[in-house]
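# Per-entry structural report
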Amino acid sequence: EPEVTQTPSHQVTQMGQEVILRCVPISNHLYFYWYRQILGQKVEFLVSFYNNEISEKSEIFDDQFSVERPDGSNFTLKIRSTKLEDSAMYFCATMTGEETQYFGPGTRLLVL
Amino acid sequence: AQSVTQPDIHITVSEGASLELRCNYSYGATPYLFWYVQSPGQGLQLLLKYFSGDTLVQGIKGFEAEFKRSQSSFNLRKPSVHWSDAAEYFCAVRQAAGNKLTFGGGTRVLVKP
């Protein structure tokens, strides 16, 4: 069964550094999402992406965040200058037009 | 704004016993409703979903959920739990016209032998 994959599984970085989280969607999926889950808290929506542009973003998704599909397959989330409060599990999700989002295993980001 | 409430943060159940996890949502119209499960160190796996039609939906791993419009609820049930059902369970809703999922806070299920 096709799966959403994410790399890396874990990343430790210093505050102020840039990180790029990568997601490989299921091949025929057209809608892409990033969510995050701070330890002990709810899963929160960050951004949705369709047809090479952002379709919706939350108030969390400020200028420090960006997304792109650099090569038509990978879907990336970049955090330009990480803060301590960016430490979280980041989930990629993808969807066809059939309304069900399929989640990857997540990247655990720790900002020191 | 839509919201999702899972009133139970933790539930402990004996293996073989039945399980019911509560989910209430706040939204003006009938949203799309989902239950996901997260095992330790794993991602979110879809258990089942409700869009329309029969209000009792069957999912994977022997789970089912019932949509009750009058109560704005979408409770998850399993008649007989297995030790492997120990995980965290998330209810989520989506507007019909939108894309993003709004999640509840999750319910952690512990299974006693």
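Our structure is the block above this text.
Owing to the predicted nature of the structure, the values given are computational and were not obtained by experimental measurement.

Before going further, it helps to examine the pattern of salt bridges. Residues and elements named next belong to chain B. Across all of its chains, the model carries seven salt bridges over all chains by this definition. Across the salt bridge formed by Arg77 and Glu66, the nearest N and O atoms sit 3.3 Å from each other. Within this pair, whereas Arg77 is found in strand β9 (residues 73-78), its partner Glu66 is found in strand β8 (residues 64-68), the two being separated by eleven residues in sequence. The class for Glu66 is partly exposed, based on a relative accessible area of 24%. Note that Glu88 is salt-bridged to Arg108, the shortest N-O span being 2.9 Å. Of this pair, Glu88 sits in strand β10 (residues 87-94) while Arg108 sits in strand β12 (residues 107-112); the two residues are 20 residues apart in sequence, bridging distant segments of the chain. The exposure class assigned to Glu88 is buried, which follows from its relative accessible area of 12%.

Bringing the sheet that holds strand β3 (residues 19-24) of chain A into the picture now. Residues and elements named next belong to chain A. Taken in spatial order, the four strands of this open sheet run β1-β3-β8-β7, and their pairing is antiparallel. In this open sheet, the two edge strands, each paired with only one partner strand, are β1 (5-7) and β7 (65-68). Pairwise comparison of adjacent strand axes, ignoring direction, gives a mean angle of 15° for this sheet. Inspection of the sheet shows β3 paired to strand β8 (residues 75-79) by five bridges, in the antiparallel sense. Along β8, the bridge assignment pairs Val19 with Ile79.

Here the focus is the nonpolar core. Ranked by size, the top nonpolar core spans 26 residues in total, and within it Trp35, Leu48, Phe74, Leu76 and Tyr89 of chain B carry the most contacts. Of all the secondary structure elements, the ones that give two or more residues to this core are β2 (10-14), β3 (19-21), β5 (32-38), β6 (44-50), β8, β9, β10 and β12 of chain B. The leading source of residues in this core is β10 of chain B, at four residues. If sequence neighbours within four positions are ignored, Phe74 of chain B has contacts with Cys23, Leu33, Phe34, Trp35, Leu48, Lys49, Tyr50, Val57, Ala65, Glu66 and Phe67 of chain B. Counting residues in hydrophobic clusters, the runner-up holds 23 residues, among them Ile26, Ile38, Val67 and Ile79 of chain A.

This brings us to the interface of chain A and chain B. With 18 residues of chain A at the contact, the number on the chain B side is 19 residues. Each partner contributes to the roughly 1600 Å² buried at the junction of chain A and chain B, and carbon and sulfur atoms together form 53% of this total. When the buried surface of chain A facing chain B is broken down by residue, Lys42, Glu99 and Phe103 of chain A rank first, second and third, together holding 31% of it. Counting across the interface, chain A meets chain B through one salt bridge. For Glu56 of chain A, the salt bridge identified is with Lys100 of chain B, shortest N-O distance 3.7 Å. When residues of the side of chain A that touches chain B are assigned to their parent elements, the largest contribution, four residues, is made by strand β4 (residues 31-37) of chain A.

Attention shifts here to the pairing of β3 of chain A. All names here are of chain A. Burial along β3 is one-sided: Val19, Leu21 and Cys23 are buried, and none of Ile20, Arg22 and Val24, which face the opposite way, are. Where β1 meets β3, three bridges bridge the pair, whose relative direction is antiparallel. Its bridge partner being in β3, Thr5 is matched across the sheet by Val24.

Moving on to the side chain of Glu88 of chain B. Reaching out from Glu88 of chain B, the side chain makes a polar contact with the side chain of Arg108 of chain B at a distance of 2.9 Å. The contacts of Glu88 of chain B, once residues within four sequence positions are left out, are Tyr36, Val37, Gln38, Gly105, Gly106, Thr107 and Arg108 of chain B.

In the structure shown here, the tally under the stated rule is 21 aromatic pairs over all chains. Here the aromatic rings of Phe32 of chain A and Phe75 of chain A are separated by 5.3 Å at their centres, their planes lie at 35°, and the arrangement is tilted. Here the residue Phe32 of chain A occupies a position in strand β4, and Phe75 of chain A occupies one in strand β8, the gap between them amounting to 43 residues. Look at Phe75 of chain A and you get buried, because its relative accessible area is 0%. Measuring from ring centre to ring centre gives 4.7 Å for Tyr50 of chain B and Phe67 of chain B, while their planes differ by 25°; the resulting arrangement is stacked.

Each value, and the rule that gives it
Residues numbered from 1 in each chain as written. Chains lettered and ligands numbered in written order. Predicted model: local features only at pLDDT ≥ 70, side-chain atom pairs only at ≥ 80, totals over all residues. Heavy atoms only, no water. Salt bridge = Lys/Arg side-chain N within 4 Å of Asp/Glu carboxyl O. Helix = DSSP H or I, 4+ residues; strand = E, 2+ residues; numbered from the N terminus. Buried < 20%, exposed > 50% of the residue type's maximum accessible area, 1.4 Å probe, protein only. Pairing = 2+ DSSP bridges. Axes fitted to C-alpha atoms, helices over the stretch in contact; angles between N-to-C directions. Core = buried A, V, L, I, M, F, W, Y, C linked by side-chain atoms within 4.5 Å. Contact = heavy atoms within 4.5 Å. Buried area = accessible area lost by both parts, 1.4 Å probe. Polar contact = N/O pair within 3.5 Å; in protein donor to acceptor, adjacent residues only side chain to side chain. Phe/Tyr/Trp six-rings, centres within 6.5 Å; stacked < 30°, edge-to-face > 60°.

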